Amino acid sequence: MLQTTSRLTPDLNPKRIRVQVQGVVQGVGFRPFIYHLATTLGLTGWVNNSPQGVSIELEGQLTQLEAFLEQLQRDNPLHANLQSLTVDWLTAIGYQQFEIRPSETTNSIGKSACILPDLATCPDCRRELFDPANRRYRYPFTNCTHCGPRFSILRSLPYDRPNTTMHQFQMCPDCQLEYDNPGDRRFHAQPNACPHCGPQLTLWNRNGDILATHDTALLLTADAIRQGKIIALKGLGGFHLVVDARNEIAVQALRQHKHRPDKPLAVMYPDLESLQQHCYLSTVAIQLLQSPEAPIVLLPQIACDEPSVAAIAPSVAPGNPDLGVMLPYTPLHHLLLAELGFPVVATSGNLANEPICIDQQIALQQLGSIADLFLIHDRPIARPVDDSIVRVIHDRPVVLRRARGYAPLPLKVTVAKSLTSAATILAVGGQLKNTVALGLNQQIFLSQHLGDLDHPATIARFQEAIAHLLGLYETQPTAIACDAHPDYYSHQFAASLSQATNATLIPIQHHYAHVLSCLADNQIDAPVLGVAWDGTGYGLDGTIWGGEWLYVPTNSTVAPGFERIAHLRPFPLPGGDQAVKEPRRAALGLLYECLGSAIFDQLDLPPFAAFTPSELKVLQSMLGQRLNTPMTSSMGRLFDAIAAIIHLCHQASFEGQAAMQLEFAAQPIITDRLYPYTWLAQPNSTLILDWQPLVLAIIQDWFDRESVSLIAATFHNTVIDALVTLAQHMQIDHIALTGGCFQNSNLLKRSIDRLNRAGFSPIWHHHIPTNDGGIAAGQALGALRQLHYKTI
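Residues numbered from 1 in each chain as written. Predicted model: local features only at pLDDT ≥ 70, side-chain atom pairs only at ≥ 80, totals over all residues. Heavy atoms only, no water.

Student: An account of helix α6 (residues 248-258) is needed here, citing residue identities and associated values.
Tutor: Each turn of an α-helix holds 3.6 residues, which means side chains three or four residues apart point in the same direction. The complete set of buried residues in α6 reads Ala250, Val251, Leu254, Arg255 and Lys258. Looking down the long axis of α6, one finds its buried residues gathered within 140° of arc, a one-sided arrangement. Relative to its buried face, α6 has exposed residues pointing more than 90 degrees away, namely Ile249 and Gln256. Where α6 is buried, its residues meet β10 (239-244) and β14 (344-348). (Buried < 20%, exposed > 50% of the residue type's maximum accessible area, 1.4 Å probe, protein only. Helix = DSSP H or I, 4+ residues; strand = E, 2+ residues; numbered from the N terminus. Arc of directions from axis to C-beta. Contact = heavy atoms within 4.5 Å.)

Student: So what about the packing of aromatic side chains? Which residues, and what values?
Tutor: Aromatic ring pairs are defined here through the distance separating the ring centres and the angle between the ring planes. What the rule picks out here adds up to 17 aromatic pairs. Geometrically, the ring pair formed by Phe462 and Phe493 is edge-to-face, given 5.2 Å between the ring centres and 75° between the ring planes. Residue Phe462 is found in helix α11 (residues 456-472), and its partner Phe493 is found in helix α12 (residues 489-501); the two are separated by 31 residues along the sequence. Taken as a pair, Phe462 and Phe493 share a single burial class, namely buried. Chaining the aromatic ring pairs together yields one cluster made of Trp533, Trp549, Tyr677, Trp679 and Phe742. Directly above the aromatic system of Phe342 lies the positively charged group of Arg246, at a separation of 3.8 Å from the ring centroid. For the cation-ring pair, Arg404 lies above Tyr329, with the distance from its terminal atom to the ring centre recorded as 3.5 Å. (Phe/Tyr/Trp six-rings, centres within 6.5 Å; stacked < 30°, edge-to-face > 60°. Lys NZ or Arg CZ within 6 Å of the ring centre and 35° of its normal.)

Student: Any chance you could break down the sheet that holds strand β15 (residues 373-377) for me, citing the residues and the numbers?
Tutor: The sheet built from 11 strands is open, its strands ordered β8-β7-β15-β9-β10-β14-β11-β13-β12-β16-β17 with mixed pairing. The sheet terminates laterally at β8 (210-213) and β17 (396-401), the two strands that pair on one side only. Sheet analysis places strand β7 (residues 201-204) next to β8, joined by 3 bridges and oriented antiparallel. By the bridge assignment for β8, Leu203 is matched with Ala212. Sheet contacts for helix α5 (residues 214-226): β7, β8, β9 (231-234), β10, β14 and β15; angle to β8, the most-contacted strand, approximately 115°. On top of the sheet, helix α10 (residues 360-367) reaches β7, β9, β10 and β15; it is set at about 165° to β15, its chief contact. (Pairing = 2+ DSSP bridges. Axes fitted to C-alpha atoms, helices over the stretch in contact; angles between N-to-C directions.)

Student: So what's going on with the environment of Ser517? Which residues, and what values?
Tutor: Here Ser517 shows up in helix α13 (residues 510-522). With 401 residues separating them in the primary sequence, Ser517 and Leu116 have C-alpha atoms 22 Å apart. Look past the residues within four positions of Ser517 in its chain and what remains in contact with it is Thr738, His765, Ile768, Gly774 and Gly778. Reaching out from Ser517, the side chain makes a polar contact with the backbone oxygen of His514 at a distance of 2.7 Å. (Polar contact = N/O pair within 3.5 Å; in protein donor to acceptor, adjacent residues only side chain to side chain.)

Student: I'd like to hear about the pattern of salt bridges, residue by residue, with values.
Tutor: In this structure the tally under the stated criterion is 30 salt bridges. Note that Glu57 and Arg16 form a salt bridge whose closest N and O atoms lie 2.9 Å from each other. Of the two residues, Glu57 is situated in strand β4 (residues 53-59) and Arg16 in strand β2 (residues 16-24); the sequence distance between them amounts to 41 residues. One exposure class covers both Glu57 and Arg16, and it is buried. The shortest N-O distance in the salt bridge between Arg74 and Glu70 comes to 3.3 Å. Here Arg74 pairs with Glu70, and both are found in helix α2 (residues 62-74), just 4 residues apart, close to one helical turn. Each of the salt bridges in this network shares a partner with another, and the network as a whole consists of Arg138, Asp215, Asp223, Arg226 and Glu339. (Salt bridge = Lys/Arg side-chain N within 4 Å of Asp/Glu carboxyl O.)

Student: Can you lay out the nonpolar core for me, pointing to particular residues and giving the numbers?
Tutor: Grouped together as the largest cluster of nonpolar side chains are 97 residues, with contacts concentrated most on Phe30 and Leu72. Looking at which element gives the most residues to this core, the answer is α11, with 7 residues. Ignoring sequence-local partners within four residues, the contact set of Phe30 consists of Val21, Val25, Val54, Leu72, Asn76, Pro77, Ala80 and Leu82. Membership of the second largest hydrophobic core comes to 76 residues, among which are Phe600, Leu694, Val695 and Phe760. (Core = buried A, V, L, I, M, F, W, Y, C linked by side-chain atoms within 4.5 Å.)

Scope: geometric values only; no functional claims are made or implied.
Here is the structure:
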């Protein structure tokens, strides 16, 4: 909600007002909007960008000024989002005209202006792109105040051309006229360019030799894709690897060269009509695909046997009923897909487990063993920005990866409005799916997706993202929030930075951060019962948590800020982290905890057949002596173990693969069937969900040759039933569903439905990822809570 402040009551005949506007007001045509509004109302004065947002001074009659303020709040530009409006009434000084002044670059208050994400090509620019009479016909870098690059080209605030990577392109007279014309759509459009003065395309071979330039480069690229070649294409926030999505041989070659055997690949379609041949489209999904954010949307595939419809290659999303799809979102993509007329795989241009490439020379080195050709351009990318991923749950978008189109828009933390702290909080996220965040002025600025911090290149990007975030806002943290796991690189970095800057180090327990990120996302304050289910999180007792029910009170004067109400019964993981990659190991640990060494006599269960006799001997010894065999209460590892027990997945090539197979197996079945389970009460009042009756029942079903789908569906029903039972025990209205397990649409939808029927108010993630990509936002809020309650 817009916060409006008027610091002085106007007298009977006010002549001048000073207006300070904060929010998303730079890069959205806000100054041109103010210019038009002021001149239409006959007001004089000026407007400019400031480090906080936009500053305005106006002179006129009282009725004119009141009309201005009313229309300012009612009719602001499409992508603008006003968060606060401060009005000072002053004495007139005699302005003679209204003008857009140069931006203010420094002041004593500090920077807090919101940065707009990159925006998909608008309809007007698309029309120009394909209009032979237009001077930007087939120009792949067409943009205006309503669309185009923003965050990916920004070097510093305020958002002006000299502070972007477009500073090296001097506008031609025609572009300058547009830029200076208040009546033009490109009035003060910072990336404004045309074929005569802007960035250009070049096609390279693997040696970096120039094969073609300009439109010829694009046409030759299209020919190469038709021939089954792999193209490294420099886009908006980094490189894509592109192949014909219908060509099984080409897709398999991409997988082989990229070392990505199973993980689904995203597909870009020329238009909605072609997409509808392969996927079911809801109204919300269509809105997302055509939105300025233009994310990848996960959609159910259509089983189509129509001979006239070319099928998507099976290797694009093997064994997956869903397809990650998107529409063209830059002029370059629009031109290429219009030329091709068929869908292409458009996956991140990187090697497995490495960050996306943004520089053509580095791409040539890293992707030279994958791509046959390189379609590049000479507009530098300031920072990597991957495609965002969204799915629709109960007709609402759920962001799974927050990047292009969404980052770095701030999250207004109205949930923390009563938490009085002037701290500037840097939150460094977790180890996987890392993002970082800056808590400043009751806003959380959450970075784009950065990746897993297990590769030097990703670590470098992590450090760059922190430096960029602090540099953009010209601030230094007074507190640094991090995951409590001492072995996480992000924790170690935070500890080192804390010592160097004398900032307060605040470790936040992993699952508590998950719950708080869900609260921030939904603007709901505690008390809440948080159900945090994921694969791995460092617990307060030093073990691996992941199947947690946490009570977060309205206030807490001591750390950790929550109470662990219940959790999954722990079981051993032989090999530790290796068990994450091998669900068969999680299955062995679960079965061993259930039946002891006698389980090794049950060699006819699938997980045992997945090992050699010598491997089983070593694993039995590890389990018996607890060698490199940590205990875990992880719901994610329970999903993995069950998937292995019923022969769905024994070794995973990407995170979450086994759990996804279990989810997909359950989807065709509608049943109310449940497996038995029990709750064990502990002396400290904590409840433990004992899964042993459930596992024994699954083993019996397996031997009775029940269908895998029925077993998977019954398992889902059972854990959801346990979730609701605990909620009924606690009788807290708001139930927060959070953690990576709730990326499972079956689990999330049915949990929401059951909780609603039981009279609760479930909340789940929408704008902040439920996985570890949302941890940084929760850490920032956790630090804010801790700092506040420590002072009262």
